Amino acid sequence: MAGTLHFEPDDRCNAFITVCEEAPYGDGRLAGVAVAVKDNISTRGIQTTCGSRILQGYVPPFDAHVVTLLRAEGAAIVGKTNMDEFGMGTTTETSGFGPTLNPADRERVPGGSSGGSAAAVAAGLVPMALGTDTGGSIRCPAAFCGIVGLKPTYGRVSRYGLVAYANSLEQIGPMTRSVEDASLLLEVISRYDPRDSTSFDRPYTHQPSTDVRGLKIGLPQEYFGEGVDPRVAEVVKDAIGRLEDLGAETVPCSIPSMAYALAAYYVICTSEASSNLARFDGVRYGPPVDARKNWHEAFREIRGANFGPEVRRRIMLGTFALSAGYYGRYYAKAQVARRNVEKDIERVLASVDIIAGPTMPTVAFRLGEKTDPLSMYLSDILTVPANLAGVPAISVPCGTVDGLPVGLQLIGRRFADEQVIDAAYAYEEAAA
Ligand code: GLN
C-alpha cells in the first residue's frame with residue numbers, strides 16, 4: 001500500500017452518494033489518482049446502491065473487474081456517484097438520493113444516468129470517473145456537463161460486478177476532462193475477463209494521435225434534422241469543420257432504421273430490466289422484509305416502497321413486452337429493428353470511418369422540466385443507436401449554446417475505439 005488519500009469534496013451538486021474520506025491507493029499508472037465510481041459498479045467494502053433505496057446499506061463482498069483493475073494501477077477509489085435509479089433515466093432525477101445538479105448551471109440537470117460521475121469531474125472534485133452507458137448514460141451527461149465520455153465497443157470492458165440493467169446493451173467507460181485521460185482510463189479497464197461471457201480478449205493499448213488526414217466522416221441526416229435544436233446542430237457542424245481543416249473528409253449519409261431505434265431500445269431495455277430486477281426481493285439485499293408476511297405480500301410491499309416510479313414503470317412495461325401473447329408483437333419485433341439498426345450502421349461504416357453528429361438534441365434541461373416519460377425517452381434518440389449496434393462512441397465538448405455545453409459525438413466500427421479516440425483527440429487539440 002502506497003498511502004491514503006484524504007478526500008473531502010465540496011459537493012454542492014450532490015454528485016456523490018457515498019464519499020470515502022480515507023481512500024487507500026497503491027503504486028501504478030494511476031498511483032494516488034482520485035477516481036469516482038458510478039454507484040452501480042460493485043466495490044468491496046463500499047456501499048453500492050444503484051441510486052435506489054432498495055439497495056441502501058448494501059455493501060458488496062467483492063470488486064467489479066474494472067475496480068480490481070483500477071486498484072491494481074494504484075487508483076484511490078474516493079466515492080460512489082449519484083445516478084438515475086438503476087440507470088433508468090436521462091437526468092439523474094430518478095435517483096432515490098435526490099437529483100445531481102449541473103456544475104455549469106445548478107438549476108439544470110447534469111444529464112444521466114451517470115450524472116454524478118459527470119458532475120464530479122466537471123466540478124473538479126476528481127480528475128476521472130467511471131460511468132456506464134446502456135442507451136447514452138455516459139455520453140449524455142458528458143455532453144451536458146462539458147466533459148469527455150466514452151462508451152467502448154460492447155465486450156471490450158468486462159461487466160463483471162456491474163449491477164445489470166440491460167446486459168445486451170451496456171458497457172462501463174471513462175468520463176474525464178481530456179481525451180488523453182479517457183484513453184489512459186480505457187487502457188486500464190479494458191482487460192479480458194472470463195467471468196463475463198461477453199468479454200473479448202481485445203485489450204485497448206493506444207497512444208492517441210492527432211493525424212486525421214484522409215479520415216472519412218459520415219454525417220447522417222437523422223442527426224441534424226427534426227427534433228435537433230438547430231443551434232446545437234450549428235455548433236456541432238462547426239466542430240466537424242475543424243476536423244475537415246485537419247484533412248478529414250465529410251460525406252452525407254443516412255440511417256433510415258433510426259425511425260425505429262428508440263422504440264426498439266425501450267422494449268429491449270425494459271424487457272431485460274424486468275428480468276434483472278426480479279432479484280431485488282428484500283430478502284437478499286437492502287431493507288429487510290417483514291418475515292411474518294407471506295412471500296407475495298412481502299415482495300409487493302418491499303418493492304412498492306423502495307423502487308421509484310420510473311423503475312416500477314419499466315418493470316411493468318418489460319414484463320408486458322415479454323408476456324405470452326405479446327412477446328412476438330413487441331420483444332421479437334424489437335430484436336428485428338435492432339438488427340436493422342446494426343446493419344444500417346455497418347453499411348455506413350463500410351464506406352466511412354466515423355459517424356459524427358451531436359450527442360444530444362439539446363443542451364441540458366432545467367430541473368423538473370421533463371415531466372412526461374415519453375419526452376424524456378425522446379432525448380435519447382442520438383445515443384441509443386451505438387448501443388443497439390454495440391459500436392464505440394465518444395462525446396467530446398465542442399462549444400456552447402446560451403453558455404451551456406454541447407457535445408460532439410463520434411461513432412466508430414466495432415473494436416475501432418482507437419480511431420474514435422484519435423478523431424476526438426484531433427478535434428480537442430485543434431480547438432484548444
Ligand atoms: N436514458 C436511457 C434510459 O433511460 C439510457 C440510460 C443508460 O444508458 N443507463 O434507459
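Provided above is the structure to which this section pertains.
Residues numbered from 1 in each chain as written. Predicted model: local features only at pLDDT ≥ 70, side-chain atom pairs only at ≥ 80, totals over all residues. Heavy atoms only, no water.

Draft legend 1. Highlighting the pairing of strand 10 (residues 249-253). Pairing analysis gives 5 bridges linking strand 9 (residues 216-220) to strand 10, with the strands arranged parallel. In the strand pairing of strand 10, Lys216 is matched with Glu249. Taken together, strand 9, helix 5 (residues 230-245) and strand 10 constitute a β-α-β crossover, and its handedness is right-handed. (Pairing = 2+ DSSP bridges. Helix = DSSP H or I, 4+ residues; strand = E, 2+ residues; numbered from the N terminus. Right-handed = clockwise from strand over helix to strand, strands pointing away.)

Draft legend 2. Up close: the site of the ligand. In the region of the ligand, 15 residues are neighbours, and Thr134, Gly135, Ser137, Tyr165 and Tyr265 sit closest. For the ligand, a nitrogen atom lies 2.9 Å from a polar atom in the backbone of Gly87. Measuring from an oxygen atom of the ligand, one finds a side-chain N or O atom of Tyr265 at 2.7 Å. Burial of the ligand by the protein amounts to 99% of the accessible area it has alone, namely 290 Å². (Near = heavy atom within 4 Å. Polar contact = N/O pair within 3.5 Å; in protein donor to acceptor, adjacent residues only side chain to side chain. Areas by Shrake-Rupley, 256 points an atom, 1.4 Å probe, with all protein chains shown as cover.)

Draft legend 3. Quick look at the nonpolar core. Core analysis: the largest hydrophobic core is formed by 112 residues, its most contacted members being Ile41, Val66, Leu70, Phe86, Ile189 and Leu408. Examining the composition of this core, we find that 10 residues originate from one element, helix 6 (residues 258-276), more than from any other. Ranked by size, the runner-up nonpolar core spans 22 residues in total, among them Phe7, Ala15, Val121 and Ile138. (Core = buried A, V, L, I, M, F, W, Y, C linked by side-chain atoms within 4.5 Å. Buried < 20%, exposed > 50% of the residue type's maximum accessible area, 1.4 Å probe, protein only.)

Draft legend 4. Main features of the packing of helix 4 (residues 179-189) against helix 12 (residues 417-431). Contact pair helix 4 / helix 12: the axes reach a minimum separation of 9 Å and the direction vectors enclose 160 degrees. By the criterion of interaxial angle, the relationship of helix 4 to helix 12 is roughly antiparallel. Listed contacts from helix 12 to Val179, Glu180, Ser183 and Leu186 of helix 4 are Asp417, Ile421, Ala424, Tyr425 and Glu428. (Axes fitted to C-alpha atoms, helices over the stretch in contact; angles between N-to-C directions. Parallel < 35°, antiparallel > 145°, perpendicular 65-115°, else oblique. Contact = heavy atoms within 4.5 Å.)

Draft legend 5. Focus on the sheet that holds strand 12 (residues 393-401). As summarised here, the arrangement of the 11 strands in space is 2-5-4-6-8-7-12-13-11-9-10, forming an open sheet in which the pairing is mixed. Both edges of this open sheet fall to strand 2 (16-19) and strand 10, since each of them pairs with a single strand only. Shown here is a sheet whose adjacent strand axes are inclined to one another by a mean of 30 degrees, direction ignored. Relative to strand 11 (residues 354-358), helix 9 (residues 328-351) is tilted by about 115 degrees, and along the sheet it contacts strand 9, strand 10, strand 11 and strand 13 (404-411).

Draft legend 6. The arrangement of the packing of aromatic side chains in detail. Tallied over the full model, the rule gives 15 aromatic pairs. Among the aromatic residues, those joined into a ring-pair cluster are Tyr58, Phe86, Phe280, Tyr285 and Phe307. The ring of Tyr160 has Arg195 lying over it, and the distance from NZ or CZ to the ring centre is 3.9 Å. Between the NZ or CZ atom of Lys370 and the centre of the ring of Phe365, over which it lies, the distance is 4.6 Å. (Phe/Tyr/Trp six-rings, centres within 6.5 Å; stacked < 30°, edge-to-face > 60°. Lys NZ or Arg CZ within 6 Å of the ring centre and 35° of its normal.)

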